[in-house]
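# A structural walkthrough
In case you want the letters, here they are:
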Amino acid sequence: MKSLAELQALKQKAIENVNLRKDREDGVRVVVGMATCGIAAGARPVMTSFLEEIGKRNLNNVAVEQTGCIGLCRLEPIVEVYAPGQDKVTYVKMTPDKVARVVAEHIVNGQPVAEYTIGAAGM
Amino acid sequence: MELVRSHVLICGGTGCTSSGSEVLHEEFDEMLVKYGLDKEVKVIKTGCFGLCALGPVVVVYPEGAFYSRVKKEDVEEIVQEHLLKGRIVKRLVYDETVEQNDIKSLNDVNFYKKQQRVALRNCGVINPENIEEYIAVDGYQALGKVLTEMTPEEVIDTVKKSGLRGRGGGGFPTGTKWDFARKSVNEQKYVCCNADEGDPGAFMDRSVLEGDPHSVLEAMAIAGYAIGANQGYIYIRAEYPIAVRRLQIAIDQAKEYGLLGKNIFDTGFDFDIELRLGAGAFVCGEETALMTSIEGHRGEPRPRPPFPAVKGLWEKPTILNNVETYANIPVIFNKGADWFASIGTEKSKGTKVFALGGKINNTGLVEIPMGTTLREIVEEIGGGVPNGKKFKAAQTGGPSGGCIPASLIDTPIDYDSLISIGSMMGSGGLIVMDEDNCMVDIAKFFLEFTVDESCGKCTPCRIGTKRLLEILDKITKGQGTLEDIDRLEALCYHIKNASLCGLGQTAPNPVLSTLRYFRDEYEAHVVEKRCPAGVCKALLSYVIDPEKCKGCSACSRKCPVGAISGEIKKPFVIDTTKCIKCGVCMETCKFGAVVKK
Ligand SMILES: Cc1cc2nc3c(=O)[nH]c(=O)nc-3n(C[C@H](O)[C@H](O)[C@H](O)COP(=O)(O)O)c2cc1C
Ligand code: SF4
Ligand code: SF4
Ligand code: SF4
Ligand code: FES
Ligand code: FES
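Residues numbered from 1 in each chain as written. Chains lettered and ligands numbered in written order. Predicted model: local features only at pLDDT ≥ 70, side-chain atom pairs only at ≥ 80, totals over all residues. Heavy atoms only, no water.

## Points about the overall build of chain B
Tallying secondary structure elements over chain B gives 23 helices and 20 strands in all. A compact globule built from 597 residues would reach a C-alpha radius of gyration of about 25 Å, and chain B, at 27 Å, matches this within 12%. Along the longest, intermediate and shortest principal axes, the C-alpha atoms of chain B span 90 × 65 × 40 Å. Taking all 597 residues of chain B together, the buried fraction comes to 59%. Working note: accessible area of chain B is about 23400 Å², and carbon and sulfur atoms make up 50% of it. Both charge centroids of chain B, one from 72 positive and one from 80 negative side chains, sit 6 Å from each other. (Helix = DSSP H or I, 4+ residues; strand = E, 2+ residues; numbered from the N terminus. Rg over C-alpha atoms; globule rule 2.2 N^0.38 Å. Buried < 20%, exposed > 50% of the residue type's maximum accessible area, 1.4 Å probe, protein only. Areas by Shrake-Rupley, 256 points an atom, 1.4 Å probe, with all protein chains shown as cover. Lys, Arg positive; Asp, Glu negative; His and termini not counted. Charge placed at Lys NZ, Arg CZ, Asp CG, Glu CD.)

See the structure below:
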């Protein structure tokens, strides 16, 4: 180790590996419905797309979690986004292509993508 | 870019390893592959979470689900349900964390709520065998700052300002100790770490070394810079194989990353650390004996002065600190001396780690701010005394310490309050006792330990502790007299004043403090020939209550010496001349007819 800067750089690189283990109160939670019907409806590719997108943008304070049955099988895959200070937003019939917009507009900029939400699905 | 979304932390501390955590790792790896999750879920082995009695412990993030007593067969269910489908397996989650249909954060559980993790900050959080994880949680930042931005004097001032005192038992101010060594002029000086941890029942230092070995290495390098030393030794007992292995891995990795060795941070400062394994004699934890042992001789204390800060290891100026003391050092530099000094009481700053054991619901490792009361530890963190029994006393400081009776349960735990009530902080053993513990017997237990461990170099300790034990033995056998109690007390003071080292000087403490608070129990043993707690075998007899006995003969069939006789359906009787007081009849009787008197 030759300098503090070098240590700092190594820390930045390593931090992603432990970030997940913090008790977070401030971060965004993305919860993907992954019960049997969710998986059948294609929830796994949606979830991996979220992970990819979040990884690409280096968003350290976003956790991707899974949950069981949400109770709306016909609207699966369902994704709920909990951002601090905002109501829960429920996205329905998600596909991997929709993920990039949700991440960019909602998670990064705080503007939910209305047309993907449960309200737009006529519920 | 790795797409990890979940971390499975498996406790690799000694407690969980012995309850079987090692096989879990392989099983998780296998199951993750089976369910195609191996790319997105990472399995990490960590150090102790503190709830060893619930081991093996597995924690899954980001949810922070705390699984306890996980068996190999449970792994598939966790992978399939939790990691694949996102349904936490409630059956396996630590009950305290389950709240209606949700799980609450570990920090809200009673066991953790009142704790504050400073020395244990990384235990159970990082993989101790991977230096990059330590670096990710600010590891080696303090060393970097110290070497590149601070003078040795500033380093010592910071440690002084933090108010940190030694966690190995004595409570000597750490900054002052370093200052003495700094001012001893010599080409060669040494930094030593005391990881001997000989106190029976204590495992705080082991947990730090197993869970966060780099924090100790970093602190020793800081100490080396402060006093002007470039060689360190860690004296660790060979009975700690996991800790020894992790320390060695940590030292090797630190060298590989240039955080130990030559020219650290390009500042021209060199520092190296070696391990020295101890054979496990209690006296080797005493500072002069420890150094004699590192030098390769039999670990016997020598008179002080000269103090180690002047003439220590190989007659060179040396500092010796405890593992937990060191573990606090990096945080003091990262968060500031003022931050550290804001925790705790006026004269005892920071936190203290205790190994909580005995008659308590949550046994384990706890770290509390100084000044927390014994009541908070026992009732809240510890979850109270099991089986509805009454709290009688707590013992701190192990064989050198004393007890705190129930009447003083609101005593704040810090160095000075404990001394003032005749106990001591010690290195952190905290044993809870209930009404079934006999205080004379407790004193005898610790004396047996010291008699075994006395190195024999000086007479007051070698002979004196034996005499103490003989008197205690006599009392527990019902052969003592009131004069014996007085002789016991007088001898205690004599041993304290005349012994060469701390072992002898503190050995009488368990006797003195039980005499102070439980003299009536001693007197019951000698005057009434009665053990109030029903522990001292010689003083109790088993009898059958004819009112309650149904005459079922179950006890008589179990009695190993055939001491019980009677006719079916009529009350049985115990022949006290044959009875060996094994207690089997009492356990056997379903009607509670056998009683101890
Ligand atoms: C008999 C005896 C045993 C001791 N055992 C230990 C021990 O196991 N670990 C420890 O850190 N200190 C132990 N000590 C205290 C050390 O002598 C020394 O005070 C301590 O390591 C200094 O470090 P500290 O200032 O950081 O507490 C023992 C002392 C005596 C008298
Ligand atoms: S006090 Fe006991 S342990 Fe210490 S030097 Fe004397 S005999 Fe040895
Ligand atoms: S205590 Fe043991 S030896 Fe005595 S009567 Fe009961 S079973 Fe027999
Ligand atoms: S087991 Fe109990 S009830 Fe049965 S004979 Fe013995 S004392 Fe009496
Ligand atoms: S199983 Fe998918 S909503 Fe019920
Ligand atoms: S060893 Fe696993 S919790 Fe302590």
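Once the structure has been displayed, the description carries forward.
## A short note on the site of ligand 2
In the vicinity of ligand 2 lie 13 residues, with Cys455(B), Lys457(B), Cys458(B), Cys461(B) and Cys501(B) positioned nearest. Class assignment of the residues belonging to the shell around ligand 2 gives a composition of eight nonpolar, four polar and one charged. (Near = heavy atom within 4 Å. Nonpolar A, V, L, I, M, F, W, Y, C, P; charged D, E, K, R; others polar.)

## Here's the deal with the sheet that holds strand β1 (residues 28–33) of chain A
Residues and elements named next belong to chain A. On the basis of which strands lie adjacent, the open sheet formed by four strands has the order β2-β1-β3-β4 and mixed pairing. Two strands in the sheet have a free side with no partner beyond their single neighbour: β2 (62–67) and β4 (89–91). For this sheet the average axis-to-axis angle between neighbouring strands, irrespective of direction, equals 20°. As paired elements, β1 and β2 share six bridges and run parallel to each other. (Pairing = 2+ DSSP bridges. Axes fitted to C-alpha atoms, helices over the stretch in contact; angles between N-to-C directions.)

## Quick look at the side chain of Ser184(B)
All names here are of chain B. Tracing the backbone through its elements, the reader meets serine 184 in the loop between α8 (174–183) and β7 (190–195). Taking the relative accessible area as the measure of exposure, serine 184 reaches 11% and is therefore buried. Other than its neighbours up to four places away in sequence, serine 184 contacts Lys189, Ala309, Val310 and Pro317. (Contact = heavy atoms within 4.5 Å.)

## What about the packing of aromatic side chains?
Residue and element names in this part refer to chain B. Within the structure shown, the criterion is met by 12 aromatic pairs over all chains. Judged by centre distance (6.0 Å) and plane angle (85°), the rings of phenylalanine 49 and phenylalanine 66 are edge-to-face. You can see phenylalanine 49 sitting in the loop between β2 (41–46) and β3 (58–61) and its partner phenylalanine 66 sitting in strand β4 (residues 65–67), a full 17 residues away along the chain. Residue class for phenylalanine 49 comes out buried when judged on its relative accessible area of 6%. Plain terms: the ring middles of tyrosine 190 and tyrosine 233 are 5.9 Å apart, the flat faces sit at 45° to each other, and that makes the pair tilted. Linking tyrosine 190 in strand β7 with tyrosine 233 in strand β8 (residues 231–237), this pair joins segments that are 43 residues apart in sequence. Taking the relative accessible area as the measure of exposure, tyrosine 190 reaches 10% and is therefore buried. Assessed through its relative accessible area of 6%, tyrosine 233 is described here as buried. Here a set of aromatic residues connected by ring pairs shows up, and it is made of Phe49, Phe66 and Tyr94. (Phe/Tyr/Trp six-rings, centres within 6.5 Å; stacked < 30°, edge-to-face > 60°.)

## Looking at the domain arrangement of chain B
Partitioning chain B into domains gives domain 1 (6–106), domain 2 (131–341), domain 3 (351–434), domain 4 (439–526) and domain 5 (541–596). Of note, the centres of domain 2 of chain B and domain 5 of chain B, computed from C-alpha atoms alone, are 59 Å apart. (Domains from an automatic or database assignment.)

## Details of the confidence of the model for chain A
Looking at chain A as a whole, the pLDDT averages 83, with 92% of positions reaching at least 70. Summarising per-element confidence for chain A, the mean pLDDT is lowest in helix α2 (residues 36–40) of chain A (76) and highest in helix α4 (residues 96–108) of chain A (92). (pLDDT = per-residue confidence, 0-100.)

## Observations concerning helix α1 (residues 4–19) of chain A
With 16 residues, α1(A) should reach 22 Å at 1.5 Å per residue; the first-to-last C-alpha distance of 21 Å fits that figure. At Lys13(A), α1(A) shows its maximal kink, close to 35°. Among the residues making up α1(A), those that are buried are Leu7(A), Leu10(A), Lys11(A), Ala14(A), Ile15(A), Val18(A) and Asn19(A). Where α1(A) is buried, its residues meet α5 (131–136) and α6 (141–149) of chain B. (Expected span 1.5 Å × (residues − 1). Bend = angle between axes of the 7 residues up to and from the residue.)

## Some details on the pairing of strand β1 (residues 6–11) of chain B
Residue and element names in this part refer to chain B. With six of six residues buried, β1 is to be regarded as a mostly interior element. Burial along β1 is two-sided: Ser6, Val8 and Ile10 facing one way and His7, Leu9 and Cys11 facing the other are all buried. Across six bridges, the pairing between β1 and β2 is parallel. Residue pairing for β2: serine 6 is matched across the bridge by valine 41.

## Remarks on the sheet that holds strand β11 (residues 318–322) of chain B
Residues and elements named next belong to chain B. Sheet architecture is open: five strands sit in the order β9-β10-β8-β7-β11, paired in mixed fashion. Only two strands of the sheet have a single partner each, and these edge strands are β9 (261–264) and β11. Averaged over all pairs of adjacent strands, the angle between strand axes in this sheet comes to 25°, irrespective of strand direction. Pairing between β9 and strand β10 (residues 269–278): two bridges, direction antiparallel.

## Focus on the interface of chain B and chain A
Every contact between the two is made by 46 residues of chain B and, on the other side, 33 residues of chain A. Approximately 3200 Å² of surface area, both sides summed, lies buried where chain B meets chain A, with 57% of it carried by carbon and sulfur atoms. Counting across the interface, chain B meets chain A through two salt bridges. Applying the counting criterion to the chain B and chain A interface returns six residue pairs in polar contact (both at pLDDT 80 or more). Listing elements by their share of the side of chain B that touches chain A, those giving two or more residues are β1, β2, α3 (72–84), α5, α6 and β9 of chain B. (Buried area = accessible area lost by both parts, 1.4 Å probe. Salt bridge = Lys/Arg side-chain N within 4 Å of Asp/Glu carboxyl O. Polar contact = N/O pair within 3.5 Å; in protein donor to acceptor, adjacent residues only side chain to side chain.)

## Thoughts on the pairing of β7(B)
All names here are of chain B. Burial within β7 is extensive, with six of its six residues counted as buried. With burial as the criterion, each face of β7 is covered, one bearing Tyr190, Cys192 and Asn194 and the other bearing Val191, Cys193 and Ala195. Taken together, the six bridges between β7 and β8 define a ladder with parallel strand orientation. By the bridge assignment for β8, cysteine 192 is matched with tyrosine 233. Judged from the five bridges that link them, β7 and β11 form a sheet pairing that is parallel. Bridge pairing links asparagine 194 to asparagine 322 in β11.

## Points about the packing of helix α9 (residues 204–211) of chain B against helix α10 (residues 213–227) of chain B
All names here are of chain B. The geometry of α9 relative to α10 is characterised by a closest axis approach of 5 Å and an angle of 95° between their N-to-C directions. Taken as axis vectors, α9 and α10 run roughly perpendicular relative to one another. Across from Val208, Leu209, Glu210 and Gly211 in α9, the residues of α10 making contact are Pro213, Ser215 and Val216. (Parallel < 35°, antiparallel > 145°, perpendicular 65-115°, else oblique.)

## A closer look at the site of ligand 1
Residues and elements named next belong to chain B. Surrounding ligand 1, one finds 18 residues, the nearest of these being Gly168, Lys177, Asn321, Asn322 and Thr325. Glutamate 197 is positioned with one of its backbone polar atoms (N or O) 2.9 Å from an oxygen atom of ligand 1. Measuring from an oxygen atom of ligand 1, one finds a backbone N or O atom of glycine 198 at 3.2 Å. When isolated, ligand 1 has an accessible area of 610 Å², and the protein chains bury 87% of it. For the shell around ligand 1, the secondary-structure elements that each account for two or more residues are β11 and α20 (502–506). If one sorts the elements of the shell around ligand 1 by residue count, β11 sits on top with three residues.

## Some points on the nonpolar core
All names here are of chain B. If you look at the biggest cluster of nonpolar residues, it comprises 76 residues, and the most contacted ones within it are Tyr140, Trp178, Ile234 and Tyr326. Shared between two domains, this core takes at least three residues from each, and those domains are domain 2 (131–341) and domain 3 (351–434). Not counting the four nearest positions on each side in its chain, tryptophan 178 is found in contact with Val155, Ile156, Val159, Ala219, Ile222, Ala223, Ala226, Ile227, Ile319, Asn321, Tyr326 and Ile329. Core analysis: the second largest hydrophobic core is formed by 38 residues, Leu106, Val385, Tyr415 and Leu430 among them. (Core = buried A, V, L, I, M, F, W, Y, C linked by side-chain atoms within 4.5 Å.)

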